[in-house]
Amino acid sequence: QVQLVESGGGLVQAGGSLRLSCAASGTIFSINAMGWYRQAPGKQRELVATITSGGLTNYADSVKGRFTISRHNVKNTVYLQMNSLKPEDTAVYYCYAHDVRTVVSRYLEVWGQGTLVTVSS
């Protein structure tokens, strides 16, 4: 079984920075894409950023130029560096992995449990 474990959330003032990490555990052979989504109170979950195994990235317009996604393929870990944070970035951030292959199984979607990011004004 594959699990995603996030870390790095917390409380920060507007203009500050945080770095989120997400590590995939299990006997993993490969992961196609990894990324981050977020869900603010009363809103739908939305894409923040994704990165493929080849390093291609995609960002939501609202975070372009402020957030940077990166990945360590050997460690099966994805990171999200968040700079110039705004109160509207406050949300639960979820790690996501697409097309995870282990020695015996294949998982099209795997989600982490979420980590709360709160940006105060």
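Notes on the structure follow. Note on numbering: residues in each chain are counted from 1, in written sequence order. Only residues with pLDDT of at least 70 get local features here, since the model is predicted, and only at 80 or more are side-chain atom pairs given and counted; chain-wide, interface and lining totals rely on the full set of residues. The side-chain quantities take in all heavy atoms of the structure and omit both hydrogens and water.

1. Things to note about the nonpolar core
Membership of the largest hydrophobic core comes to 32 residues, with the highest contact counts inside it found for W36, L80, M82 and Y93. Sorting the residues of this core by element identifies β3 (18–25), β4 (28–39), β5 (46–52), β7 (67–72), β8 (77–82), β9 (91–102) and β11 (115–120) as the ones contributing at least two each. Think of it this way: any DSSP run of H or I at least four residues long counts as a helix, any run of E at least two long counts as a strand, and we number them from the N terminus. Sort the elements by how many residues they give to this core and β9 lands first, with five residues. Joining through side-chain atoms within 4.5 Å is the link that ties buried Ala, Val, Leu, Ile, Met, Phe, Trp, Tyr and Cys residues into a set, and such a set is a nonpolar core. Relative accessibility under 20% of the residue-type maximum defines a buried residue, over 50% an exposed one, and the middle range a partly exposed one, all with a 1.4 Å probe and only protein chains included.

2. Examining the pattern of salt bridges
Here, a salt bridge means any side-chain nitrogen of Lys or Arg that lies within 4 Å of a carboxyl oxygen of Asp or Glu. Under the definition given, this model contains six salt bridges. When the shortest N-O distance is used, the salt bridge between K64 and D61 registers 3.1 Å. Taking relative accessible area as the criterion, K64 reaches 49% and is therefore assigned partly exposed. As a salt-bridge pair, R66 and D89 come within 2.7 Å of each other at their nearest N and O atoms. Placement of R66 in the loop between β6 (57–59) and β7 and of D89 in the loop between β8 and β9 is noted, with a sequence separation of 23 residues between them. Considered together, R66 and D89 belong to a single accessibility category, that of buried residues.

3. Some details on the environment of S53
As for its placement among the helices and strands, S53 is situated in the loop between β5 and β6. Taking the C-alpha atoms as reference, S53 lies 8.9 Å from H72; in sequence the two are 19 residues apart.

4. Quick look at the packing of aromatic side chains
Stacked, edge-to-face and tilted are the three classes for Phe, Tyr and Trp ring pairs, Trp counted by its six-membered ring, which pair at centre distances within 6.5 Å; planes under 30 degrees apart are stacked, over 60 edge-to-face, the rest tilted. According to the stated counting rule, one finds three aromatic pairs in the structure shown. Geometrically, the ring pair formed by Y37 and Y96 is edge-to-face, given 5.5 Å between the ring centres and 70° between the ring planes. You can see Y37 sitting in strand β4 and its partner Y96 sitting in strand β9, a full 59 residues away along the chain. Measuring from centroid to centroid gives 5.1 Å for Y37 and W111, while their planes differ by 65°, and the two rings are edge-to-face. With Y37 in strand β4 and W111 in strand β10 (residues 106–111), this pair connects stretches of sequence that are 74 residues apart. Accessibility expressed as a relative area gives 32% for W111, which makes it partly exposed. Among the aromatic residues, those joined into a ring-pair cluster are Y37, Y96 and W111. R45 extends its terminal NZ or CZ atom over the ring of W111, reaching a point 4.8 Å from the ring centre. Sitting over a ring, as applied to charges here, requires NZ of Lys or CZ of Arg to be within 6 Å of the ring centre and within 35 degrees of the ring normal.

5. Re the state of the cysteines
Any cysteine sulfur atom paired with another within 2.5 Å is treated as part of a disulfide. One pass over the full model with this rule turns up one disulfide. Disulfide partner of C22: C95, at an S-S distance of 2.0 Å. On the S-S bond that ties C22 to C95, the torsion sits near -85°, and the link is left-handed. In this pair, C22 is assigned in strand β3 and C95 in strand β9, connecting sequence segments 73 residues apart. Relative accessible area serves as the criterion here: at 0%, C95 is assigned to the buried category.

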